[in-house]
Each structure stands twice: as C-alpha cells, then as structure tokens.
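Summary of the model geometry
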Amino acid sequence: MMPNTAALNAARRTAELSALAEGGPVDVVVIGAGITGAGIALDAATRGLRVVCVDKHDLAFGTSRWSSKLVHGGLRYLATGNVGIARRSAIERGILMTRTAPHLVRAMPQLVPLLGSMRGWDRALVRTGFLAGDALRRLAGTPATVLPRSRRVSRETAVELAPTVRREGLDGGLLAYDGQLIDDARLVTAVARTAAQHGATILTYVAATHAAGDAVRLTDQLSGESFEVRALAVINATGVWAADIDPGLRLRPSRGTHLVFDAAAFGNPTAALTVPIPGELNRFVFAMPEQLGRVYLGLTDEEAPGPVPDVPQPTSAEISFLLDTVNTALGTALSTADVRGAYAGLRPLIDTGEGRTADVSRNHAVVESESGVFSVIGGKLTEYRHMAQDVLDRAVRLRALSTAACRTRDLPLIGAPTNPGPQVPSAAALPASLVLRYGAEAPNVLASATCDRPGETVADGIDVTRAEFEYAISHEGALTVEDIVERRTRIGLVAHDRDRVHEVARELLDAAE
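Being a predicted model, the structure only gives us computed values, none of them experimental. (Residues numbered from 1 in each chain as written. Predicted model: local features only at pLDDT ≥ 70, side-chain atom pairs only at ≥ 80, totals over all residues. Heavy atoms only, no water.)

As a further point, take the side chain of Ser375. Note that Ser375 resides in strand β19 (residues 374-378). Here Asn236 takes part through its side chain, which lies 3.0 Å from a polar atom of the side chain of Ser375. Apart from residues lying up to four places away in sequence, Ser375 is in contact with Asn236, Asp246, Leu249, Ala365, Val366 and Val367. (Helix = DSSP H or I, 4+ residues; strand = E, 2+ residues; numbered from the N terminus. Polar contact = N/O pair within 3.5 Å; in protein donor to acceptor, adjacent residues only side chain to side chain. Contact = heavy atoms within 4.5 Å.)

Looking now at the nonpolar core. Side chains of nonpolar character tend, in soluble globular proteins, to be buried together. With 83 residues, the main nonpolar core has Ile40, Leu187, Ile202 and Leu273 as its most contacted residues. The element that contributes the greatest number of residues to this core is helix α7 (residues 184-197), accounting for eight residues. Taken domain by domain, this core gets at least three of its residues from each of domain 1 (10-64 + 185-251 + 360-399) and domain 2 (254-347). Those residues in contact with Ile202 that lie beyond four places of it in its chain are Leu8, Glu16, Ala41, Cys53, Leu59, Ala192, Ala195 and Ala196. (Core = buried A, V, L, I, M, F, W, Y, C linked by side-chain atoms within 4.5 Å. Buried < 20%, exposed > 50% of the residue type's maximum accessible area, 1.4 Å probe, protein only. Domains from an automatic or database assignment.)

Moving on, we come to the domain arrangement of the protein chain. One can read the domain layout of the protein chain as domain 1 (10-64 + 185-251 + 360-399), domain 2 (254-347) and domain 3 (432-511). For domain 2 versus domain 3, the distance between C-alpha centres works out to 26 Å. Every contact between the two is made by nine residues of domain 2 and, on the other side, 11 residues of domain 3. Taken together, both faces of the contact between domain 2 and domain 3 bury some 760 Å²; the carbon and sulfur share is 53%. The largest share of the area that domain 2 buries against domain 3 comes from Leu292, Arg294 and Arg340, three residues that together contribute 64% of it. For the interface between domain 2 and domain 3, the tally reads one salt bridge. The closest approach of N and O atoms between Asp497 and Arg294, which form a salt bridge, is 3.0 Å. For the pair domain 2 and domain 3, the interface holds three residue pairs in polar contact (both at pLDDT 80 or more). Of all the elements in the fold, those that place two or more residues in the side of domain 2 that touches domain 3 are β15 (294-298) and β17 (341-347). A total of three residues in the side of domain 2 that touches domain 3 trace back to one element, the largest contributor, which is β17. Tallied by class, residues from the side of domain 2 that touches domain 3 come to five nonpolar, two polar and two charged. (Buried area = accessible area lost by both parts, 1.4 Å probe. Salt bridge = Lys/Arg side-chain N within 4 Å of Asp/Glu carboxyl O. Nonpolar A, V, L, I, M, F, W, Y, C, P; charged D, E, K, R; others polar.)

Written as structure tokens, this is what we have:
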C-alpha cells in the first residue's frame, strides 16, 4: 500500500495496480467511482477495511457530474408523503453543510416570483411548502446561521436577486434556501481523495468484469493487463450501469437535462430563479447561479429506455421545455441563441413498473445477487453517505467482517477547515474562486505548483489558474485532458471554452510525464 496521503496521481496508480496484481490482501472491492462508490470506499477505509475502488472511466464520469449541483433538503418528497426520505435528505444535507464539507456546500437562495399569473392557492401552497422545509431544517439540527429561514421579500428585493425577472404584475417573491455544491464532480473527487488519505486504493481507468461475491477480474484500460482480485465482499455501485454487473437488477433510468448560460443572460443573479412547472405539484425549473460566471437552467425528468450511453444527450424537446418554462417568469424571453452549452444525466431509479419517472421513489435499495455481489441502486446524491453506510453495514454483517463503527457522519473531507491536508505556507493573497473550489486546501494548490506562471488563468475570462490544472494531475488523479477540463474543472460545459484551454491542459500533462 502507498502511504496514506490524499494525493492521487499516475505514479500512485501504477504502484497500487502493481501491488494489487501481485495478490495483495483485499477486504472489499467497490465497482464504480461516482459519488456512491467513492462514499463506500471512504466508509470502508475509515472502518479499517482494506478497500479497492475501481472505475472503467474517471472519477465522477457518469451521473455524479450531471446533477443540478444541489444538496436537496427533501422538501419535494415531504410534499408527496415520503417523510422518511425527506427527513434523511435534510439530515444528510446538514451533515455536509456543518461537518463534512462546509467548504463545498453553501446556502443557495431560491426565489419564487409572485407574478400575476400565479393564483392565490398556488402561492399559499408554495409558502406552506417552504415553511415545511424550515421545519425539516430544524428537525435535522441545521442552524439558521447555516441555512436561513424562508421568508417573503419585496418586489425590489426580488428584482435585486433576479434582475431579469418579469416586472409586470410582480408582487415580490417567496425566498427559501437549500444547499448548493460548488460542483458535484469536485465533491466526488474530495470524497475519493479522503478515502485515499485513509488508505483506500482508488483506481480509475480500470474495468471490472466477471464479478462474484468473492472475486472480480480487473483490466487496466491503459495497458490492457488483466488479473483477478479476491476479496471478502464485492460491491456494485455503478448507478445506471448496475445491471451490467448484475443482470437481475431492474432499473428505470430517467433523464435530467440542464442548459448552460452566461450569467449575464440572467442579469448576474444572486438567487436561483425558481419557476413552478404549470400543472405540476411541487415541481420547478431552476435558473441557478454557478461558478465560472454561468447559470444552469434545469431540469427535466424524462423516461430514458434502451441502452445506457456513456454520455447522455439532451433532446430538442427538453431544451424547448426548459426555455418555455423559464420564459414565463422573465421580462425578456431567452432563446436557443442564448444557450452556451447543455448536459444531461440519467437517474438510476428502481423500476417499480408504474407511473411516470417523475413520480418514482428516490429511495435506494441494497440487493445481493445469486453470485453474492452486493448492489446499491436508486437513491440520490444528497444521501450518498447514508447509502454507503447502508450497503457496507449489510456486507459487514453477512460476510462477518471485523470492523470499527462507521465514522463518516463527522469525518471532514479534504479541504474542510479541520482537514486542510499538508500545508505549505504561502504569503500570496488567494483568489476567491480558488478558495471556493478548494476550501482550506487552497494555499497548497498554488504553493505546491511547479509549472510556469502558476497564478495565471488558463484563458481570458476563465478564473481557473494553471496551478489548478497542475493540481488536478498531481493530487486529483487526472490522467487525460478530458479529466482536467470536463471533471476536475467544469470548463468543458461550454465547447468554445473547452477548445481554448485544451492546449494548456495538454502542456501540463506532458510536463508531468
């Protein structure tokens, strides 16, 4: 095993693959390095288990990077009577915001404009829902200093928060707060690196096949080398691809699409413009201010039958739906000409055989296959830690593994104020964007850089520095240009920006070899 450091890189990958191929002892193999798989690896490592987590692609390659970047408190599920998942969501949101990842999850104001077209009954329904959300927050023990109470705001405040909101008939707004990630893929990276910090082996571009309850065949996608690894438990955390490992599973993927805009198209808002979907109960379209000067508009919930693609694509109908819905609340309509990018992700819903995907439960399940592989399916990003604990508790009990108790409720991820990682003193003032993305680890990003002009941005108008690209390679396990541009940063969501930074990423990768 490598020393317990949070740094993931090509050298560590090579050393750990070699040790694994030589037959090093393993307690748990986790297949899939999205948020759930990374969470399982962290839970297992901190219980003292020898754990290997593999993915045939990169960290957060699948659904885990295609979310709304929200850590939901579960309000929607409370409205549909699913009190259990609503309560768990609020608790897990509070854990992230107050203990494990306060540097990555912050309070996001959500503004529902009170327009003339919104009936009194609908206004009362939204207000009641927001008050229920306040009750959930209190039940979860999340203080109002972290997640403020909901309230009604004036017309002037509504315009200040969302400058392009329709003024005609505007009678103020209802304001509530939820958790927002600086980025979902950064959360996955932080969880995976924290697992590595505690001794987990994290291997990207390693495919798993022929999985059984006590063994799995691994193939290095870069060298083509294959070997078998024996373990006491094998856990399938591949999300919408779970049936590839266990064909007995029944999943019903649904597609959630988002559009990417320049923030200027929405007047550089400071709150998420939240627009009720006509004819729907407790479903909204959100225009959310994001990093890199962008706004993400989402999201849809459409059936996605058939083969599961590596990278799902939005449909023209979904794009039209999002634009049509948000335009009901805007003073000047947006069109496809304003769209800078788009992305879609597939939710790994459990197939109940009934209803629309929008109505299918977001509960998760742990299933053991005939061959003995444990699969965790369903669920949602906010509950990744709970899902990881659930499946690992099951594996520990049924495989009689000797472990310590779960520690992840109070374990700070790398970058949290109490887990800054190795610190190299730096006298330079740190860019606010760097601190937003790295938290307490930010000083080390610049101070440990060896590249030329580390503080220089990678392109005009993009606040990502050359040092961050290098850090993605030296500490965050990036092996390709796409790893850097598409997942360690989210520059790739806009094709024009992706093209502008490609050569910088290539330069720094070549220098690292």
